[in-house]
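Spelled out, the chains give:
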Amino acid sequence: MLSSFSQSRTSGWISRDCELGLDVIAERTPSWTWIWPTTGAAVILIKQFVSSGGSVTTIAAITLIGAVFAAVYHAEVLAHRIGEPFGTLVLALAVTTIETALIVSMMLAAPAEQAALARDTVFAAVMIVCNGTVGACLLAGGTRFGEQGFQLQGASAALAVLAALTSMTLIFPNFTGGDPYYSSSQLAFAALVSLVLYGSFIFIQTVRHRDYFLLEETKDEHIAISTKTAAASAALLFVSLVVIVALAKVLTPAVEAGVTYLNSPKAVVGIVIAALVLLPESLAAVRAARKNQLQTSLNLALGSALATIGLTIPAVATVSLLTNQPLELGLELKDRDMLGLTIILSVITLGTGRTTLLQGVVHLVLFAAFLFFAFVP
């Protein structure tokens, strides 16, 4: 954990010695952390002049994975520099902002065909985070450490806001007479409420009750990473995330073709987009859990779920209202039940401040059920 960091200036490195062994962060930015994003940008540029093909798709997929690892590295550098919970907030906001830009661009390109894309992607993001990511974190941490602790107040605050946001944006539209659409005034109200809820949560997390999101041993700690290194990582994090989303967009036609070939529901496209965009956060969260930093894992996971709804819905709602495009938000009955079960299970799992691998298994089973019924409705 952060408290176990020991600083060493030898050869320009900052290192930490913890129970898990030596984990090293370079003061000089490693070359691979900028080579992968640069390669990804080159692939995107080449794609503009080369017709789609299997080789281009394969290269884009490989480069995407490399860019994800680069993004995680730079996010961790920033997290160590500015401390919790600000560090996890940086990655959540950055990923969600660019994810929103991707959804909006696809909506504008094909309004009628993509009316439900925002709903499918947001719903998939919540399910991936609350069941897939959280489940993987609890399983990884529980397997290695037996039982892990976290701040109950912070988790309860996040789940309360998440329950309100998901109900307002994904469930209520089915009961307002425009099933599954909001009227213009209702959509504007839902967008405003989403911003208020998310903004209130950020205020609580970073100002009023920051200690709710920190374990005692990590409070008021920071790592002496230079301003130059932090600035470089901030810039490269942004570039990496842009490249990740752009590559995801490059891969989207192949995904859509695969979905059509397999005769799968269109909602699967939203699942793939959400999974690709959330990969950096999910990987960082699991890595934190394996270092016995479950609090950081939950900050990342629940924070990204809240940011996905709190920022994406207002953005796509604004686009819908300004361009008079349809925006389908209401979930089908099966998905509403799956969402309700996820919220209830999350409240039970995070209701004691302690977790074991059992809760991780339960969340992962529910995640598997979500994926199965998405492909076999």
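Scroll up for the structure.
Residues numbered from 1 in each chain as written. Predicted model: local features only at pLDDT ≥ 70, side-chain atom pairs only at ≥ 80, totals over all residues. Heavy atoms only, no water.

Student: So what's going on with the overall build of the chain? Which residues, and what values?
Tutor: A count of helices and strands for the chain gives eleven helices and four strands. Residue pairs in contact within the chain that sit at least 24 positions apart in sequence constitute 82% of those at least 6 positions apart. Accessible surface, the chain as shown: approximately 15,800 Å² in total, 67% of it carbon and sulfur. (Helix = DSSP H or I, 4+ residues; strand = E, 2+ residues; numbered from the N terminus. Contact = heavy atoms within 4.5 Å. Areas by Shrake-Rupley, 256 points an atom, 1.4 Å probe, with all protein chains shown as cover.)

Student: Give a detailed account of unusual backbone geometry, specifying residues and quantitative values.
Tutor: Positive phi outside glycine occurs at N292, with the angle close to 65°. Structurally, the position occupied by N292 is in the loop between α8 (267–290) and α9 (294–323). A positive phi angle, close to 60°, is found at N324, a residue other than glycine. Along the chain, the position of N324 falls in the loop between α9 and α10 (333–349).

Student: I'd like a description of the packing of helix α4 (residues 117–145) against α9, backed by residues and values.
Tutor: Contact pair α4 / α9: the axes reach a minimum separation of 10 Å and the direction vectors enclose 175°. Between α4 and α9, the angle falls in the class roughly antiparallel. Of the residues in α9, those touching α4 at A118, V122, A125, V126, V129, C130, T133, V134, C137 and L138 are L294, S297, A301, L302, S304, A305, T308, I309, T312, I313 and V316. The class makeup of the residues in the contact of α4 with α9 is 16 nonpolar, five polar and no charged. (Axes fitted to C-alpha atoms, helices over the stretch in contact; angles between N-to-C directions. Parallel < 35°, antiparallel > 145°, perpendicular 65-115°, else oblique. Nonpolar A, V, L, I, M, F, W, Y, C, P; charged D, E, K, R; others polar.)

Student: Describe the packing of aromatic side chains, and please don't skip the residues or the numbers.
Tutor: One pass over the full model with this rule turns up five aromatic pairs. Ring geometry for W32 against Y73: centres 5.8 Å apart, planes inclined by 65°, an arrangement best described as edge-to-face. Taken together, the residues W32 in helix α1 (residues 32–47) and Y73 in helix α2 (residues 54–82) connect sequence positions 41 residues apart. With a relative accessible area of 35%, W32 lands in the partly exposed category. Ring centres 5.3 Å apart and planes at 75° place the aromatic pair F372 and F373 in the edge-to-face group. When its relative accessible area of 48% is taken as the criterion, F372 is described as partly exposed. (Phe/Tyr/Trp six-rings, centres within 6.5 Å; stacked < 30°, edge-to-face > 60°. Buried < 20%, exposed > 50% of the residue type's maximum accessible area, 1.4 Å probe, protein only.)

Student: An account of the side chain of T206 is requested, with residue identities and associated values reported.
Tutor: When you line up the elements, T206 lands in helix α6 (residues 184–208). A relative accessible area of 14% places T206 in the buried class. In this structure the side chain of T206 is engaged in a polar contact, spanning 2.7 Å, whose partner is the backbone oxygen of I202. (Polar contact = N/O pair within 3.5 Å; in protein donor to acceptor, adjacent residues only side chain to side chain.)

Student: An account of α1 is requested, with residue identities and associated values reported.
Tutor: In this model α1 runs 22 Å from its N-terminal to its C-terminal C-alpha over 16 residues, within 8% of the 22 Å that 1.5 Å per residue would give. Taken together, the buried positions of α1 are T33, P37, G40, V43 and I44. Looking straight down α1, one finds that the buried residues subtend no more than 115° of arc, so they occupy a single side. Pointing more than 90 degrees away from the buried face of α1 are the exposed residues L45 and I46. (Expected span 1.5 Å × (residues − 1). Arc of directions from axis to C-beta.)

Student: An account of the packing of helix α7 (residues 227–261) against α8 is requested, with residue identities and associated values reported.
Tutor: At a minimum axis distance of 10 Å, the contact between α7 and α8 shows a crossing angle of 155°. Between α7 and α8, the angle falls in the class roughly antiparallel. As α7 packs across α8, the resulting crossing turns out to be right-handed. Packed against α7, whose contacting residues are L241, I244, V245, A248, T252, V255, E256 and V259, the element α8 presents V268, V269, V272, I273, L276, V277 and P280 at the interface. In the contact of α7 with α8, the residues fall into 13 nonpolar, one polar and one charged. (Left-handed = near helix turned anticlockwise from the far one by under 90°.)

Student: Can you explain the nonpolar core? Please cite residues and give values.
Tutor: If you look at the biggest cluster of nonpolar residues, it comprises 99 residues, and the most contacted ones within it are F123, L162, L306, L327, L339 and F370. Of the residues forming this core, the biggest block, 14 residues, is contributed by α4. L306 has contacts with A158, V161, L162, L165, Y198 and F201, leaving out every residue within four places of it along the chain. (Core = buried A, V, L, I, M, F, W, Y, C linked by side-chain atoms within 4.5 Å.)

Student: Tell me about the environment of F201, and please be specific about residues and values.
Tutor: Within the secondary structure layout, F201 lies in helix α6. The buried category is assigned to F201, whose relative accessible area is 6%. Spatially, the C-alpha atoms of F201 and A307 are 10.0 Å apart, while their sequence positions differ by 106 residues. Beyond its immediate chain neighbours, meaning those up to four positions away, F201 contacts A157, A158, V161, F213 and L306.

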